[in-house]
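Architecture at a glance
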Amino acid sequence: MGRSAGELPVYRRLANVLSELVRAGRADGHGALPSERSLAAEIGISRVTVRRALDELALDGLLRRRQGARTVIGDRVEKRLATLMGFSEELRSRGIEPGQRWISHQAAQPTPSEAMALDLSGSELVVRLVRVRLADGVPIAIERAAVPQSVLPSGDLAGGSLYARLAELGAAPIRGVQRIRAGIMARIEADLLECSPGTPLLVVERRCFLADGRPVEFTETRYNGERYDFLTEIGR
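Presented here is an overview of the structure given in this document. (Residues numbered from 1 in each chain as written. Predicted model: local features only at pLDDT ≥ 70, side-chain atom pairs only at ≥ 80, totals over all residues. Heavy atoms only, no water.)

This brings us to the sheet that holds strand β6 (residues 138–148). Taken together, six strands build an open sheet; the order of strands is β4-β5-β6-β9-β8-β7 and the sheet is antiparallel. One side of each edge strand has no neighbouring strand; the edge strands of this open sheet are β4 (98–108) and β7 (175–184). Looking at each pair of strands side by side, their axes are set apart by 15° on average, direction ignored. (Pairing = 2+ DSSP bridges. Helix = DSSP H or I, 4+ residues; strand = E, 2+ residues; numbered from the N terminus. Axes fitted to C-alpha atoms, helices over the stretch in contact; angles between N-to-C directions.)

Mapped onto the elements, Arg133 comes out in strand β5 (residues 126–135). Discounting residues that sit within four places of it in the chain, Arg133 has contacts with Phe87, Ser88, Gly99, Gln100, Val138, Pro139, Ile140, Ala141, Glu143 and Gly160. (Contact = heavy atoms within 4.5 Å.)

Glancing now at the side chain of Thr199. When you line up the elements, Thr199 lands in the loop between α7 (187–192) and β8 (200–209). Among the residues examined, Thr199 registers a relative accessible area of 8% and is labelled buried. Within the local environment of Thr199, its side chain forms a polar contact with the backbone oxygen of Ser196, the two atoms lying 2.6 Å apart. The residues touching Thr199, leaving out its near neighbours within four places in the chain, are Gly183, Ile184, Met185, Asn224 and Glu226. (Buried < 20%, exposed > 50% of the residue type's maximum accessible area, 1.4 Å probe, protein only. Polar contact = N/O pair within 3.5 Å; in protein donor to acceptor, adjacent residues only side chain to side chain.)

By the secondary structure assignment, Tyr228 is in strand β10 (residues 228–231). The buried category is assigned to Tyr228, whose relative accessible area is 2%. C-alpha of Tyr228 to C-alpha of Ile140: the two residues are 88 residues apart in sequence and 7.4 Å apart in space.

Another point: empty space enclosed by the protein. A probe as big as a water molecule, rolled over the atoms, marks out the empty space that is left. Taken as a whole, this structure holds two cavities of 30 Å³ or more when the rule is applied. Considering only enclosed or pocket space, the largest cavity measures out at about 100 Å³ in volume. Around the largest cavity, the lining comprises 14 residues; the ones closest to its centre are Phe87, Arg133, Glu143, Leu162 and Tyr163. Here the residues of the lining of the largest cavity are counted per class, giving four nonpolar, five polar and five charged. (1 Å grid on protein atoms, 1.4 Å probe; cavity = no way out; pocket = protein on both sides within 12 Å on 5 of 7 lines; lining within 4 Å. Points joined across faces, edges and corners; volume = space filled by probe spheres on them. Nonpolar A, V, L, I, M, F, W, Y, C, P; charged D, E, K, R; others polar.)

Under the definition given, this model contains 16 salt bridges. Across the salt bridge formed by Arg92 and Glu97, the nearest N and O atoms sit 3.8 Å from each other. Note on Glu97: relative accessible area 46%, which makes it partly exposed. One continuous salt-bridge network, built from bridges that share partners, spans Arg181, Glu189, Glu205, Glu220 and Arg222. (Salt bridge = Lys/Arg side-chain N within 4 Å of Asp/Glu carboxyl O.)

To continue, consider the nonpolar core. If you look at the biggest cluster of nonpolar residues, it comprises 14 residues, and the most contacted ones within it are Leu129, Leu162 and Leu166. Elements with a minimum of two residues in this core: β5, β6 and α6 (162–168). Here this core takes three residues from α6, the largest share from any one element. Excluding residues within four positions of it along the chain, Leu166 makes contact with Val147, Val151, Ala171, Ala172 and Pro173. Core analysis: the next-biggest nonpolar cluster, separate from the first, contains 11 residues, Leu14, Ala15, Leu18 and Leu54 among them. (Core = buried A, V, L, I, M, F, W, Y, C linked by side-chain atoms within 4.5 Å.)

In structure tokens, the structure reads:
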């Protein structure tokens, strides 16, 4: 059972309040928060406590902090690598509205890489979903997903969230393997993501599996490297 708000440490309570203000857009006209000194004086707590609260929000991707500069609301999206979540679910968990622009969604013969990743025979088809993914209306990624047609009969069924639809079909993935590499945008990618050619890309290949071990999804997502960060926890 979680602790009540009154039992939380002061820095955590402050972080929660600031998080609500940020999500409600109540920073100043330049997207900046008051200084640590101003916040500490106004609330009547130490600057150390304020700093810890701001550090928490920066770790969550809500704020961006730089030495000698004011704390500003972050304009990047962070994705946690250790959690298997769909794009829509991930963004909504951070208070960001997901969206999409469809490029295509159709049944097709699998490419060699799709057939290998999904353990398909030459006669089996995939439903291939290609779309630009949006965060609060801003294009941040190009996603190309392939699902066996035996699992997802038609691209028309994909809707806004592929993982939500797979869950409805009793085929929600429970684990996955990801590979991440760097790249740069070609002209067509830059046009789709409203950037300049040569802008950095983070290219993520993900292969996901059902509870019985069968592969259910193979996706390549090309993220705008100037708008997307990947976050993971490590320990000994």
